[in-house]
Amino acid sequence: MNRPLDLLLWQNTVLAWLIALGVCAALFGIINLILGFVKGRVAAFASHSATVWDDVLVHALEKTKQTFVVLVSLYGGSTFLMLRPRVTQVFSVLVAIVVLVQLGLWLSTGLSFWLRGYTQRQLEHDRGIATTVSAIGFIAKVVLWVLLLLVALDTAGINVTAMVAGLGIGGIAVALAAQSILGDVFASLSIVMDKPFVLGDFIRVGDMIGTVEKIGLRTTRVRSLSGEGLVFPNGDLLKSRIRNFGSMAQRRVVFEIGVTYQTPRAQLVRIPGMIRDAVTANADMRFDRSHFMRYGDFSLNFETVYFVLTADYNRYMDIQQAVLLSIHEQFEAEGIEFAFPTQTLILTRPTDQS
């Protein structure tokens, strides 16, 4: 009489199925134990380490899918069973594809984390390099997934060489149908290489202004002063006239003030000096000139020019406010009156003809 463990079930004894199940459970537990141990040790080391590679490894391991662990465990247990060749082949291909996908998740997650940290560090020193690295990282991830896809197709028994050749012919038709999209893609490469602007730059395009937040493969995203997001197709953006305030090293300021025609000449002579004192009292600026410029319709006009030695708009406005308030204070102390639009009407009485 056959023992229960010797009974056949789908071409394998019950004992063989129990052994396979035990191996699966053991592998599942061991793999999760190893992953947890490695993540814990690396995370503890990364908490007091100055390097970034341990942080990259931790973030990559966090993307480990349980589907990957389960299928690898099942594959390990299946080696103790006698399965049909077709079933073994299909299961092997499935496991290989899952392993490739998991490998892609590890690599792309680690690459994204490293690029994000590197970009943030470079933004403090060279925003142009940060923009280039961001674009190269996107291209690298696309290439990574394309290569993994080709390996997965080859593993599945698909003739990759013939497929690539067929895609090359069909790609011509696709390119003709997607000229606008491809134009934006090539425009993004032009932006990355030529750098008319980089991440963090404050730009004006037409009547829209804002800070560049992301340069994508097809569009560039800008955060406006009022808070909403502006999305520009890269092709249209390069065709526009872009004013880049982010590359501005200094700001030239020109302003006029007018005083009344009743102002004594002695005070007119002192006014340029008063304005110079008001301007030079501030830091982060360079005084250029201040002159009595012209006789206006209702005022005597003075023109002043100075440079703010920073691109910070708030700092520029602080200096401008301080200069104007100082001029007002000095004019008030000297009794000098600012001019405003006036008209003088001369009334005459008709002469008596009698």
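Conventions used here
- Residues numbered from 1 in each chain as written.
- Predicted model: local features only at pLDDT ≥ 70, side-chain atom pairs only at ≥ 80, totals over all residues.
- Heavy atoms only, no water.
- Helix = DSSP H or I, 4+ residues; strand = E, 2+ residues; numbered from the N terminus.
- Buried < 20%, exposed > 50% of the residue type's maximum accessible area, 1.4 Å probe, protein only.
- Contact = heavy atoms within 4.5 Å.
- Areas by Shrake-Rupley, 256 points an atom, 1.4 Å probe, with all protein chains shown as cover.
- Pairing = 2+ DSSP bridges.
- Axes fitted to C-alpha atoms, helices over the stretch in contact; angles between N-to-C directions.
- pLDDT = per-residue confidence, 0-100.
- Phe/Tyr/Trp six-rings, centres within 6.5 Å; stacked < 30°, edge-to-face > 60°.
- Lys NZ or Arg CZ within 6 Å of the ring centre and 35° of its normal.
- Patch = residues over 30% accessible without salt bridge, like charges linked within 9 Å, V, L, I, M, F, W, Y side chains within 5 Å.
- Salt bridge = Lys/Arg side-chain N within 4 Å of Asp/Glu carboxyl O.
- 1 Å grid on protein atoms, 1.4 Å probe; cavity = no way out; pocket = protein on both sides within 12 Å on 5 of 7 lines; lining within 4 Å.
- Points joined across faces, edges and corners; volume = space filled by probe spheres on them.
- Nonpolar A, V, L, I, M, F, W, Y, C, P; charged D, E, K, R; others polar.
- Polar contact = N/O pair within 3.5 Å; in protein donor to acceptor, adjacent residues only side chain to side chain.

**Topic: the overall build of the protein chain**
Here's step 1: Counting its secondary structure elements, the protein chain contains ten helices and ten strands.
Here's step 2: Counting the 354 residues in the protein chain, one finds 32% classified as buried.
Here's step 3: By sequence separation, contacts in the protein chain at least 24 residues apart represent 63% of the contacts at least 6 residues apart.
Here's step 4: Just so you have it, the protein chain exposes about 22,800 Å², and 63% of that area is on carbon and sulfur atoms.

**Focus on the sheet that holds strand S9 (residues 285-295)**
Here's step 1: Taking strand neighbours across the sheet as the criterion, the three strands line up as S8-S10-S9 in an open arrangement whose pairing is antiparallel. Among the strands making up the open sheet, the edge pair consists of strand S8 (251-259) and S9. Neighbouring strand axes in the sheet, compared pairwise and without regard to direction, differ in orientation by 20° on average.
Here's step 2: Taken together, the nine bridges between S8 and strand S10 (residues 300-308) define a ladder with antiparallel strand orientation.

**Focus: the confidence of the model for the protein chain**
Here's step 1: Per-residue pLDDT for the protein chain averages 80, and the proportion of residues at 70 or more is 81%.
Here's step 2: For the protein chain, per-element mean pLDDT is lowest for helix H6 (residues 160-177), which scores 56, and highest for S10, which scores 95.

**What to know about the packing of aromatic side chains**
Here's step 1: Counting across every chain of the model gives eight aromatic pairs.
Here's step 2: Ring centres 5.1 Å apart and planes at 25° place the aromatic pair phenylalanine 292 and phenylalanine 302 in the stacked group. Of this pair, phenylalanine 292 sits in strand S9 while phenylalanine 302 sits in strand S10; the two residues are ten residues apart in sequence, bridging distant segments of the chain.
Here's step 3: Three or more aromatic residues joined by ring pairs make a cluster, and in this case those are Tyr261, Phe292, Tyr295 and Phe302.
Here's step 4: Stacked on the ring of tyrosine 316, the Lys or Arg arginine 251 has its end atom at 4.8 Å from the ring centre.

**A word on a nonpolar patch on the surface**
Here's step 1: On the surface, a nonpolar cluster with roughly 760 Å² of combined accessible area is contributed by Phe138, Ile139, Val142, Val143, Val146, Leu147, Phe186, Leu189 and Leu217.
Here's step 2: Those elements that provide at least two residues to the nonpolar patch are helix H5 (127-155) and helix H7 (179-194).
Here's step 3: Summarising the element assignment, phenylalanine 138 is placed in helix H5.
Here's step 4: On the accessibility criterion, phenylalanine 138 (39% relative accessible area) is partly exposed.

**Re the pairing of strand S3 (residues 202-205)**
Here's step 1: The alternating pattern of S3 places Ile203 and Val205 on a buried face and Phe202 and Arg204 on a face that is not buried.
Here's step 2: When S3 meets strand S4 (residues 208-215), the two strands line up antiparallel, connected through four bridges. Opposite isoleucine 203, over in S4, you have glycine 210 as the bridge partner.
Here's step 3: Between S3 and S4, which pair antiparallel in sequence order, lie two residues; one of them, glycine 206, sits at a positive phi of approximately 65°.

**Brief notes about the environment of alanine 156**
Here's step 1: By secondary structure assignment, the location of alanine 156 is in the loop between H5 and H6.
Here's step 2: Taking the C-alpha atoms as reference, alanine 156 lies 9.3 Å from glutamine 89; in sequence the two are 67 residues apart.

**A short note on the layout of surface pockets**
Rolling a probe over the atoms, with the probe sized like a water molecule, indicates the empty space that remains.
Here's step 1: By volume, the second largest pocket amounts to about 240 Å³.
Here's step 2: Forming the boundary of the second largest pocket are Phe202, Arg204, Ile209, Leu225, Phe245, Gly246, Arg251, Ala311, Asp312 and Tyr313.
Here's step 3: Each residue belonging to the lining of the second largest pocket can be placed in one class, and the counts come to six nonpolar, one polar and three charged.

**Concerning the side chain of threonine 220**
Here's step 1: Within the fold, threonine 220 resides in strand S5 (residues 219-224).
Here's step 2: Within polar-contact distance, the side chain of threonine 220 engages the side chain of asparagine 234 at 2.6 Å.
Here's step 3: Every residue in contact with threonine 220, bar those within four places of it in the chain, is listed here: Ile191, Phe197, Val212, Lys214, Ile215, Leu230, Val231, Phe232, Asn234 and Leu237.

**A short note on the pattern of salt bridges**
Here's step 1: As enumerated under the stated definition, the model contains five salt bridges in all.
Here's step 2: Among the salt bridges present, the one from aspartate 284 reaches arginine 315, with a minimum N-O distance of 3.1 Å. Here aspartate 284 is found in the loop between helix H9 (265-280) and S9, whereas its partner arginine 315 is found in helix H10 (residues 313-334), with 31 residues between them in sequence.
Here's step 3: Take aspartate 284: its relative accessible area is 40%, and that puts it in the partly exposed class.
Here's step 4: For arginine 315, a relative accessible area of 25% gives the class partly exposed.
Here's step 5: Between glutamate 303 and arginine 289 there is a salt bridge, with its nearest N and O atoms 2.8 Å apart. Remark: arginine 289 occurs in strand S9 and glutamate 303 occurs in strand S10; sequence separation between them is 14 residues.
Here's step 6: Exposure remark for glutamate 303: the relative accessible area of 16% places this residue in the buried category.
Here's step 7: Overall, arginine 289 belongs to the partly exposed group, its relative accessible area being 26%.

**Examining the environment of valine 259**
Here's step 1: Looking at the secondary structure, you find valine 259 in strand S8.
Here's step 2: With a relative accessible area of 0%, valine 259 lands in the buried category.
Here's step 3: The sequence separation of valine 259 and glutamate 337 amounts to 78 residues, and the corresponding C-alpha distance is 5.8 Å.
Here's step 4: Excluding anything up to four places from it in sequence, valine 259 contacts Leu268, Ile271, Ser299, Leu300, Phe302, Phe331, Ile336, Glu337, Phe338 and Ala339.

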